Amino acid sequence: AQSVAQPEDQVNVAEGNPLTVKCTYSVSGNPYLFWYVQYPNRGLQFLLKYITGDNLVKGSYGFEAEFNKSQTSFHLKKPSALVSDSALYFCAVRDMNSGGYQKVTFGTGTKLQVIP
Amino acid sequence: SQTIHQWPATLVQPVGSPLSLECTVEGTSNPNLYWYRQAAGRGLQLLFYSVGIGQISSEVPQNLSASRPQDRQFILSSKKLLLSDSGFYLCAVKTSGRTYNEQFFGPGTRLTVL
């Protein structure tokens, strides 16, 4: 079975400060990991993914995420937050060895609030 | 790149009425298709997925059903809506090929059952 946890319901950060949104996962094999962002009343938008290789993954809008296998984490980061980054962020995982139709498990989401 | 259309964008329906939500995809062939429901603006619940025409798998037993009459058309239906069916319904697509391909989401349908 695979699962993903986003331990923070909400993260508040001042504009211009670095931000981190946390995600931990559990899979029986090796993971594919994803981050999505959702603005109010919109569908989710893909930000970035980890497949293999370099542990630091760069994505859209200046976001990056660091894969840490020993801590089973995939935290989302950005060096300098913008007010426009305020949104709901979802982490997702798929077990590389799950086969079948490739089900992805989503976290419960973390609301990011960037304060001007 | 693919484009995902969902309609209607919003819907208000009385309890006990039928439902039909449609999702169509452009720009890709033989995709995996998914219906999710998001309640209270938070977690995503996978309802159905399809790997091909006429192939539907249900994740959660409930009064909803899905169909895929064409390669790039995915329909979510109900014969009788319940209050608990209210939510934000999202269609998603994963292009065929690489197993690590990400999903792309449509704009969603906001359903309110009164």
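Report follows, based on the coordinates. Just so it is clear, the model here is predicted, and its values are computed rather than measured. (Residues numbered from 1 in each chain as written. Chains lettered and ligands numbered in written order. Predicted model: local features only at pLDDT ≥ 70, side-chain atom pairs only at ≥ 80, totals over all residues. Heavy atoms only, no water.)

**Things to note about the side chain of Q38(B)**
Relative to the assigned elements, Q38(B) resides in strand β4 (residues 32–38). With a relative accessible area of 2%, Q38(B) lands in the buried category. Here Q38(A) takes part through its side chain, which lies 2.8 Å from a polar atom of the side chain of Q38(B). Leaving out residues up to four positions away in the same chain, Q38(B) has contacts with Q38(A), L88(A), F90(A), G43(B), L44(B), G87(B), F88(B) and L90(B). (Helix = DSSP H or I, 4+ residues; strand = E, 2+ residues; numbered from the N terminus. Buried < 20%, exposed > 50% of the residue type's maximum accessible area, 1.4 Å probe, protein only. Polar contact = N/O pair within 3.5 Å; in protein donor to acceptor, adjacent residues only side chain to side chain. Contact = heavy atoms within 4.5 Å.)

**Overview of the pairing of strand β6 (residues 44–50) of chain A**
Residues and elements named next belong to chain A. Both strand β5 (residues 31–38) and β6 contribute to a ladder of six bridges, which runs antiparallel. Across the sheet, residue L33 finds its bridge partner in β6, namely Y50. The turn joining β5 and β6, which pair antiparallel and follow one another in sequence, is formed by five residues; a positive phi near 60° is taken by N41. (Pairing = 2+ DSSP bridges.)

**Describing the environment of S86(A)**
All names here are of chain A. Secondary-structure assignment places S86 in the loop between β9 (73–78) and β10 (87–95). In the structure, S86 is positioned 29 residues away from I115 in sequence and 8.7 Å away in space, judged by C-alpha atoms. Every residue in contact with S86, bar those within four places of it in the chain, is listed here: Y39, L112, Q113 and V114. A distance of 2.9 Å separates a polar side-chain atom of S86 from the backbone oxygen of V83. Reaching out from S86, the side chain makes a polar contact with the backbone nitrogen of V114 at a distance of 2.9 Å.

**Considering the nonpolar core**
Core analysis: the largest hydrophobic core is formed by 27 residues, its most contacted members being W35(A), L47(A), L48(A), F74(A), L76(A) and Y89(A). Considering each element in turn, this core owes the most residues, four residues, to β10(A). Counting residues in hydrophobic clusters, the runner-up holds 20 residues, among them I4(B), V25(B), F74(B) and L81(B). (Core = buried A, V, L, I, M, F, W, Y, C linked by side-chain atoms within 4.5 Å.)

**Side note on the pattern of salt bridges**
Tallying each qualifying case throughout the model produces six salt bridges over all chains. Measuring nitrogen to oxygen at the nearest pair gives 2.8 Å for the salt bridge that ties K78(A) to D85(A). Of the residues examined, K78(A) reaches a relative accessible area of 8% and is grouped as buried. A salt bridge links R37(B) to D85(B), with the nearest nitrogen and oxygen atoms 3.5 Å apart. One end of the pair, R37(B), is in strand β4; the other, D85(B), is in the loop between β8 (73–78) and β9 (87–94), and 48 residues separate them in sequence. Neither R37(B) nor D85(B) differs from the other in exposure class; each is buried. (Salt bridge = Lys/Arg side-chain N within 4 Å of Asp/Glu carboxyl O.)

**Comments concerning the interface of chain B and chain A**
Listed by partner, the interface residues are 24 residues for chain B and 25 residues for chain A. Of the roughly 1,900 Å² buried at the junction of chain B and chain A (both faces included), carbon and sulfur atoms supply 55%. The largest per-residue losses of area from chain B upon contact with chain A belong to R42(B), Y100(B) and E102(B), which jointly make up 31% of the total buried on that side. Our count for the contact surface shared by chain B and chain A stands at one salt bridge. If you look at where chain B meets chain A, you find four residue pairs in polar contact (both at pLDDT 80 or more). Of all the elements in the fold, those that place two or more residues in the side of chain B that touches chain A are β4, β5 (44–52), β9 and β10 (103–105) of chain B. (Buried area = accessible area lost by both parts, 1.4 Å probe.)

**Side note on the sheet that holds strand β1 (residues 3–7) of chain B**
Residue and element names in this part refer to chain B. If you trace the four strands from one edge of the open sheet to the other, you get β1-β3-β8-β7, paired in antiparallel fashion. The sheet terminates laterally at β1 and β7 (64–70), the two strands that pair on one side only. Averaged over all pairs of adjacent strands, the angle between strand axes in this sheet comes to 20°, irrespective of strand direction. With five bridges joining them, β7 and β8 adopt antiparallel strand pairing. Note on β8: the bridge partner recorded for A66 is L76. (Axes fitted to C-alpha atoms, helices over the stretch in contact; angles between N-to-C directions.)

**Comments concerning the packing of aromatic side chains**
Within this structure, the stated rule accounts for 13 aromatic pairs over all chains. Aromatic pair F106(A) and F105(B): ring centres 5.9 Å apart, planes at 80°, arrangement edge-to-face. Within this pair, whereas F106(A) is found in strand β11 (residues 105–106), its partner F105(B) is found in strand β10, the two belonging to separate chains. Considered together, F106(A) and F105(B) belong to a single accessibility category, that of buried residues. Chaining the aromatic ring pairs together yields one cluster made of F34(A), Y36(A), F46(A), F106(A), Y34(B), Y36(B) and F105(B). (Phe/Tyr/Trp six-rings, centres within 6.5 Å; stacked < 30°, edge-to-face > 60°.)

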